[in-house]
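Observations on the model geometry
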Amino acid sequence: MKVAVVMGSISDLPVVEPTIDTLKKFGISVEAHVMSAHRTPDKAHDFAVSAKENGIDVIIAAAGKAAHLAGVLAAYTILPVIGLPIKSSTMDGLDSLLSTVQMPPGIPVATVAINGGENAALLAIQILSLKYQDLEPKLTEYKANMAKKVNEADEKFQKELKLK
């Protein structure tokens, strides 16, 4: 099982690092690249058309501003593509979000929140869990640990309230 994480610019790496880290924590192979829908369109095309034969199961595409990368990749593959809009200096990333989420009919791109790298990874893992059932217990444990942390925080908070 392998996920490709593609970013439109190396400046997107701080947002993409939690994506890669989360995927690796679940034991998923990660392939990462920098390519641009606008500056290296041939590279984006070649990557997308060969992704499936290169063993990639899901593509996460991170881009800011015009953020066409996810849509361009989705146009050339039948693999699931998850768009990760990057916060930009323009419109606090709303431009990136809208560019990623507004795809024409026939070119679906699942889109997570602006700078939502961890959620992009988790969505990819959920998609992979349909094919690789060994991921299901890992996802269940992940969610249980999240709930445990919230419950522990509430318990601590309740004790602090009683002291006041």
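Look above for the structure.
This one's a predicted model, so the numbers in the text were calculated from it and none came from an experiment.

Looking now at the pairing of strand S1 (residues 2–7). Most of S1 is tucked away: 6 of the 6 residues are buried. Burial along S1 is two-sided: the residues Lys2, Ala4 and Val6 and Val3, Val5 and Met7 are all buried. Relative to strand S2 (residues 29–34), S1 runs parallel, the two being bridged by 6 bridges. From the neighbouring strand, Val6 faces S2, where its bridge partner is His33. With helix H1 (residues 13–25) bridging S1 and the parallel S2, this β-α-β connection has right-handed handedness. Sheet analysis places S1 next to strand S3 (residues 58–64), joined by 5 bridges and oriented parallel.

With respect to the element layout, Ala113 can be found in the loop between strand S5 (110–111) and helix H5 (117–129). Spatially, the C-alpha atoms of Ala113 and Leu13 are 16 Å apart, while their sequence positions differ by 100 residues. Ala113 has contacts with Leu84 and Pro85, leaving out every residue within four places of it along the chain.

Rolled over the atoms, a probe sized like a water molecule indicates the empty space that remains. As a volume, the largest pocket reaches approximately 320 Å³. If you trace the largest pocket, you find 19 residues lining it, with Ser9, Arg39, Ala63, Gly64 and Lys65 closest to the centre.

Here the focus is H1. Between the first and last C-alpha of H1 there are 18 Å, a value that for 13 residues agrees with the 18 Å anticipated at 1.5 Å per step. Among all positions in H1, only Val15, Val16, Thr19, Ile20, Thr22 and Leu23 are buried. Here the buried residues of H1 occupy an arc of 160° about the axis, which is enough to place them on one side. With respect to the buried face of H1, the exposed residues turned more than 90 degrees away are Pro14, Lys24 and Lys25. Where H1 is buried, its residues touch S1, S2, S3, strand S4 (81–86) and H5. Just beyond H1, the residue with positive phi is Gly27, at close to 80°.

The next point concerns unusual backbone geometry. A positive phi angle, close to 55°, is found at Lys65, a residue other than glycine. Looking at the element boundaries, Lys65 is found in the loop between S3 and helix H3 (69–75). The residue Asn115 is not glycine, and still its phi comes out positive at about 60°. Structurally, Asn115 can be placed in the loop between S5 and H5.

Position of Ile86 among the secondary structure elements: in strand S4. A sequence separation of 74 residues divides Ile86 from Asp12, and the C-alpha atoms of the two residues are 7.0 Å apart. For Ile86, the residues in contact, after removing those within four places along its chain, are Asp12, Val15, Ala62, Ala63, Gly64, Lys65, Gly93, Ser96, Ile114 and Asn115.

Conventions and cut-offs
- Residues numbered from 1 in each chain as written.
- Predicted model: local features only at pLDDT ≥ 70, side-chain atom pairs only at ≥ 80, totals over all residues.
- Heavy atoms only, no water.
- Buried < 20%, exposed > 50% of the residue type's maximum accessible area, 1.4 Å probe, protein only.
- Helix = DSSP H or I, 4+ residues; strand = E, 2+ residues; numbered from the N terminus.
- Pairing = 2+ DSSP bridges.
- Right-handed = clockwise from strand over helix to strand, strands pointing away.
- Contact = heavy atoms within 4.5 Å.
- 1 Å grid on protein atoms, 1.4 Å probe; cavity = no way out; pocket = protein on both sides within 12 Å on 5 of 7 lines; lining within 4 Å.
- Points joined across faces, edges and corners; volume = space filled by probe spheres on them.
- Expected span 1.5 Å × (residues − 1).
- Arc of directions from axis to C-beta.

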